[in-house]
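# An overview of the molecular structure
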Amino acid sequence: MKLSILNAGRPAACDAAVFLRARGARRGAHATHGGTLVVLSVVLTLCGCGTLPDARKLADASAQLSSAVAASGAGVAAELDGAGQVERAAELRKAWQVPEHSSAALARYADALASI
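So, a few notes on the structure that sits alongside this text. (Residues numbered from 1 in each chain as written. Predicted model: local features only at pLDDT ≥ 70, side-chain atom pairs only at ≥ 80, totals over all residues. Heavy atoms only, no water.)

## Comments concerning the overall build of the protein chain
Using the following cut-off: Each helix is a run of DSSP H or I of at least 4 residues and each strand a run of E of at least 2, with the numbering of both proceeding from the N terminus. In what follows, a contact means two residues having at least one pair of non-hydrogen atoms within 4.5 Å. Per-residue and other accessible areas follow the Shrake-Rupley method at a 1.4 Å probe size, with only the shown protein chains counted as cover for residues.
Across its full length, the protein chain holds 6 helices and 0 strands. Contacts in the protein chain between residues far apart in sequence, at least 24 positions, make up 57% of those at least 6 positions apart. Summing over all exposed atoms, the protein chain offers an accessible surface of approximately 9,100 Å²; the carbon and sulfur share of this is 64%.

This is how it looks when you write it as structure tokens:
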């Protein structure tokens, strides 16, 4: 239902005023909504500020993952060297730096979380 049907021939601002009067709104009614929002935000903030979970297990697992990624890359490159695929081993070592750096960054991040 359009508001202009209720208030035909008048400007849109008048339509809004009619609508607000019909809804029972009055001057200053928005202040109670603002107070409700303040109370709600305080309650949610207090409820959300509990104790932090222990992130030491995440840090330990991330460190193990990082060392496993580094060891697997080195192991495959060594196997390629042993099989006479020296060029492919060099390519693998260069390409494997990305997963090694990523897993090392993950381990540092998890360690930082655990130290909070």
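## Here's the deal with the packing of helix α5 (residues 86–95) against helix α6 (residues 97–114)
The criterion, for reference: Interaxial angles span 0 to 180 degrees and are taken between N-to-C directions of axes, which are lines fitted to C-alpha atoms, for helices over the stretch in contact. In what follows, roughly perpendicular refers to angles from 65 to 115 degrees, roughly parallel to angles under 35, roughly antiparallel to angles over 145, and oblique to any angle outside these ranges. Under the scheme applied here, ten amino acids are nonpolar (Ala, Val, Leu, Ile, Met, Phe, Trp, Tyr, Cys and Pro), four are charged (Asp, Glu, Lys and Arg), and all others, including Gly, are polar.
Across the interface, α5 lies against α6 with an axial gap of 4 Å and an inter-helix angle of 30°. Relative to α6, the element α5 lies roughly parallel. Of the residues in α6, those touching α5 at Arg93, Lys94 and Ala95 are Gln97, Val98 and Pro99. The residue inventory of the contact of α5 with α6, partitioned by class, reads 3 nonpolar, 1 polar and 2 charged.

## Structural notes on the environment of Asp81
Cut-off, in case you're wondering: Relative accessibility decides the category of a residue: with a 1.4 Å probe and only protein chains considered, values under 20% of the type maximum give buried, values over 50% give exposed, and everything between is partly exposed.
Residue position: Asp81 is located in helix α4 (residues 56–82). Since its relative accessible area comes to 32%, Asp81 is described here as partly exposed. Leave out the neighbours within four places in its chain, and Asp81 touches Val86, Ala89 and Arg93.

## Some words on a nonpolar patch on the surface
Put simply, the rule reads: Like charges are joined within 9 Å and nonpolar side chains (Val, Leu, Ile, Met, Phe, Trp, Tyr) within 5 Å, but only among residues with over 30% relative accessible area and no salt bridge; these make up the patches. Here, a salt bridge means any side-chain nitrogen of Lys or Arg that lies within 4 Å of a carboxyl oxygen of Asp or Glu.
A cluster of nonpolar side chains, Leu52, Leu58, Leu65, Leu106, Tyr109, Leu113 and Ile116, forms an exposed patch at the surface whose accessible area comes to about 720 Å². Sorting the residues of the nonpolar patch by element identifies α4 and α6 as the ones contributing at least two each. Counting residues per element, the nonpolar patch draws most heavily on α6, which supplies 3 residues. With respect to the helices and strands, Leu106 occurs in helix α6.

## Quick look at the pattern of salt bridges
Per the counting criterion, the structure on display carries 3 salt bridges. Note that Arg56 is salt-bridged to Asp111, the shortest N-O span being 3.1 Å. Taken together, the residues span a long stretch of sequence, with Arg56 in helix α4 and Asp111 in helix α6 at a distance of 55 residues. Within the structure, one salt-bridge network assembled from shared partners comprises Arg56, Asp60 and Asp111.

## Some words on the packing of α4 against α5
This is how the line gets drawn: Whether a crossing is left-handed or right-handed is set by the direction in which the near helix is turned from the far one by less than a right angle, anticlockwise for left-handed and clockwise for right-handed.
Contact geometry of α4 with α5 gives a least axis separation of 7 Å together with a crossing angle of 165°. Classified by the interaxial angle, the pair formed by α4 and α5 is roughly antiparallel. Handedness of the α4/α5 crossing: left-handed. Mapping the contact onto sequence places Gly73, Val76, Ala77, Ala78, Leu80 and Asp81 in α4 and Val86, Arg88, Ala89, Leu92 and Arg93 in α5. Among the residues forming the contact of α4 with α5, the class breakdown is 7 nonpolar, 1 polar and 3 charged.

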